[in-house]
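Chain and residue survey
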Amino acid sequence: MKTIKQLLQAKGYAIKSIGPEESVFDAMQLMAANNIGALLVMQDNKLVGILTERDFSRKAYLLDKPLKDTLVKEIMTHQVAYVTPDYTNKDCMALITEMRVRHLPVLDNDQVIGIISIGDLVKDTISEHQFIIHQLERYIYSTPR
C-alpha cells in the first residue's frame, strides 16, 4: 500500500489557497478557475482552515449578505482533519469516511506540503487493483498446464 508521500510524488505538491480575509466571491472564482472543490485557508504560511464547496453551499446563504461582502473566515471549516506523509491510502480512506470530508491537507512538521482528495485515493486504489489483476492474469496464462 502506498504512503501519502508516494502518492504526492506522483500527483504533485501544488496547492491552491486563500487568506481568511478574502471574499467568498474570490474563493469561488479561484475554485471554478482551477476546477477544484476546496481551498486551503492560509495565514502567514500556516493552515488556519479549509473552504469547501460544501461550506459554501451550507453556510453562505445563512449569512444573507452578498458574496463579495462575505469573508472566507465566516464560512470556512476551522478544525481541519489532516494527514502526514507517512499515512497510507487505507489510513486516509478510513479518516475520510469517519470525518465525512473529501479533502485532507498533508502536513509535514506543521507545514502544508500538499492536499489529497477522495478522488486521488480512489484513483490510486483502482490503479493498485488493476496492477494486481494484471499480475494474476500474467501468472495464470504463463503457467504451464
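Structural data are supplied above this passage.
**Some details on the overall build of the protein chain**
Along its length, the protein chain carries six helices and five strands. Whereas a compact globule of 145 residues would reach a radius of gyration of roughly 15 Å, the protein chain reaches 19 Å, over 25% beyond that. The buried share of the protein chain, reckoned over its 145 residues, is 34%. Put simply, 55% of the contacts in the protein chain that link residues at least 6 apart link residues at least 24 apart. Carbon and sulfur atoms make up 53% of the accessible area of the protein chain, which totals about 9,400 Å².

**Quick look at helix α5 (residues 89-99)**
Buried residues of α5: Asn89, Cys92, Leu95 and Ile96, and no others. On an axial view of α5, the arc spanned by its buried residues comes to 125°, and they lie on one face. In α5, the exposed positions that point more than 90 degrees away from the buried face belong to Lys90, Thr97 and Glu98. Positive phi appears at arginine 100, one or two residues downstream of α5, with a value of about 60°.

**Considerations on helix α1 (residues 4-11)**
Along α1, the positions that sit buried rather than exposed are Ile4, Leu7 and Leu8. The buried residues of α1 all sit within an arc of 100° when viewed along its axis, so they share a single face. Seen from the buried face of α1, the exposed residues on the opposite side, beyond 90 degrees, are Gln9 and Ala10. One or two positions beyond α1, positive phi appears at glycine 12, with a value near 115°.

Criteria and cut-off values
Residues numbered from 1 in each chain as written. Predicted model: local features only at pLDDT ≥ 70, side-chain atom pairs only at ≥ 80, totals over all residues. Heavy atoms only, no water. Helix = DSSP H or I, 4+ residues; strand = E, 2+ residues; numbered from the N terminus. Rg over C-alpha atoms; globule rule 2.2 N^0.38 Å. Buried < 20%, exposed > 50% of the residue type's maximum accessible area, 1.4 Å probe, protein only. Contact = heavy atoms within 4.5 Å. Areas by Shrake-Rupley, 256 points an atom, 1.4 Å probe, with all protein chains shown as cover. Arc of directions from axis to C-beta.

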